[in-house]
Amino acid sequence: VKMYHIELTASMLIILSLIALLIALTYKIIKQKNALKGINRELKESNQVKTEFLANVSHELRTPLTVIMGYSELLTERLAKEENATNLKFVQTIHRKSEDLLSLINDLIDFSRIESGKLELRLSRFNVEEVINETVEELATSAEKKQHSMNVEHRNTPLLLLADRGKIKQIISNLLQNAIKYTPTGGCITVRTYNAGEFCNIEVEDNGVGISEEQMKHIYQPFKQADSSYNKKYEGFGLGLAITKNLVQSHHGNIRVQSTPGKGSLFIVSLPKEIDK
Ligand SMILES: Nc1ncnc2c1ncn2[C@@H]1O[C@H](COP(=O)(O)OP(=O)(O)O)[C@@H](O)[C@H]1O
Ligand SMILES: [Mg+2]
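Residues numbered from 1 in each chain as written. Chains lettered and ligands numbered in written order. Predicted model: local features only at pLDDT ≥ 70, side-chain atom pairs only at ≥ 80, totals over all residues. Heavy atoms only, no water.

Novice: What is the right way to look at the site of ligand 1 in this model?
Specialist: Around ligand 1 sit 20 residues, and of these Asn178, Tyr182, Gln225, Gly238 and Leu241 come closest. Here an oxygen atom of ligand 1 sits 2.8 Å away from a polar atom, N or O, in the side chain of Asn178. Protein burial of ligand 1: of its 530 Å² of free accessible surface, 96% is covered by the chains. Every element with two or more residues in the shell around ligand 1 is listed here: helix 5 (165-181), helix 7 (240-250) and strand 7 (264-272). The element that contributes the greatest number of residues to the shell around ligand 1 is helix 5, accounting for three residues. Residue composition of the shell around ligand 1, grouped by class: 10 nonpolar, seven polar and three charged. (Near = heavy atom within 4 Å. Polar contact = N/O pair within 3.5 Å; in protein donor to acceptor, adjacent residues only side chain to side chain. Areas by Shrake-Rupley, 256 points an atom, 1.4 Å probe, with all protein chains shown as cover. Helix = DSSP H or I, 4+ residues; strand = E, 2+ residues; numbered from the N terminus. Nonpolar A, V, L, I, M, F, W, Y, C, P; charged D, E, K, R; others polar.)

Novice: Any chance you could explain the pattern of salt bridges here in plain terms?
Specialist: Two side chains bearing opposite charge may form a pair once their charged atoms approach each other closely. In the structure shown here, the tally under the stated rule is 12 salt bridges. We note a salt bridge from Glu134 to Lys169, for which the minimum N-O separation is 2.7 Å. Of this pair, Glu134 sits in helix 3 (residues 128-138) while Lys169 sits in helix 5, placing them 35 residues apart in sequence. Taking relative accessible area as the criterion, Lys169 reaches 17% and is therefore assigned buried. The network of salt bridges with shared partners includes Glu130, Glu134, Glu138, Arg165 and Lys169. (Salt bridge = Lys/Arg side-chain N within 4 Å of Asp/Glu carboxyl O. Buried < 20%, exposed > 50% of the residue type's maximum accessible area, 1.4 Å probe, protein only.)

Novice: I would appreciate a short explanation of the packing of helix 1 (residues 2-82) against helix 2 (residues 85-115) in the present structure.
Specialist: How two helices pack is summed up by the angle between their axes together with the distance between the axes. One can describe the packing of helix 1 onto helix 2 by two numbers: an axis separation of 8 Å at closest approach and a directional angle of 155°. Accordingly, the angle class assigned to the pair helix 1 and helix 2 is roughly antiparallel. Pair helix 1 / helix 2 crosses with left-handed handedness. Of the residues belonging to the contact of helix 1 with helix 2, the class tally is 18 nonpolar, 12 polar and six charged. (Axes fitted to C-alpha atoms, helices over the stretch in contact; angles between N-to-C directions. Parallel < 35°, antiparallel > 145°, perpendicular 65-115°, else oblique. Left-handed = near helix turned anticlockwise from the far one by under 90°.)

Novice: Help me understand the packing of aromatic side chains in this model?
Specialist: Centre-to-centre distance and the angle between the planes together describe a pair of aromatic rings. Inspection of every chain in the model, using the stated rule, returns one aromatic pair. With a centroid separation of 5.4 Å and an interplanar angle of 80°, the aromatic rings of Phe111 and Phe223 are classed as edge-to-face. Of the two residues, Phe111 is situated in helix 2 and Phe223 in the loop between helix 6 (213-216) and helix 7; the sequence distance between them amounts to 112 residues. The positively charged end of Lys245 is found above the aromatic ring belonging to Tyr220, 4.6 Å away from the centroid. (Phe/Tyr/Trp six-rings, centres within 6.5 Å; stacked < 30°, edge-to-face > 60°. Lys NZ or Arg CZ within 6 Å of the ring centre and 35° of its normal.)

Shown next, in the form of structure tokens:
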């Protein structure tokens, strides 16, 4: 009987210490969970500060830049009349570089707008081929500079979309600009549209440098360029595809890519024809 008592007390003691251990552990977990919550809140706040800073800085940069662009345009007109070829060339370069800068700043503004959830869609019904033809025309000069041939194939016309026209144009423009940029001189770029049931598909294909499997993981991440070395070859912030993917998703569509390094890339965007359905 005595032995039995000792055994019972021993097991009771073990059980009691186990319970004490469990309580201590639970307490520690709760404490750490609260600490994590605090850190999470701080991270969110600092991210918000960063987004606001980005928005403010880019807006402040855009104002003087538009003044520079206005005056360089005015000067271009005057110098063209005076037939002053050298000065005209200088001013044209100023204007062109200001345009590049403006498009970078606009990307920053768009990105901060997306980050802070301030992106709004203005829906209208329009012809997607028209938007594509417009964009191709606008980018014709930069494609010609690299002696690319640009082909457009509209397989099922007319393709009508209920969407935000400006944002769809931005999607096409970003993909085309990348195709032009990431294809060596004398390349071939094709834009295709076709009907895919409830969806309208837009493809942008190039025979450029392509994207490796390793690079694939990062192409939609903001501020990520495949070549991130200091003296990188290609200009840009690495925001284009991040913005593009977001615009596609805000239309309830999806974006995919197929690519072989050294052979080229194919981006496929599927957009629902009626966004509110
Ligand atoms: N058509 C393409 N061919 C090859 N690589 C591409 C293509 N489009 C995008 N990429 C890769 O994806 C990265 C992200 O693209 P993007 O966000 O538009 O940034 P950026 O144009 O500023 O480099 C690019 O740096 C490039 O490495
Ligand atoms: Mg880009």
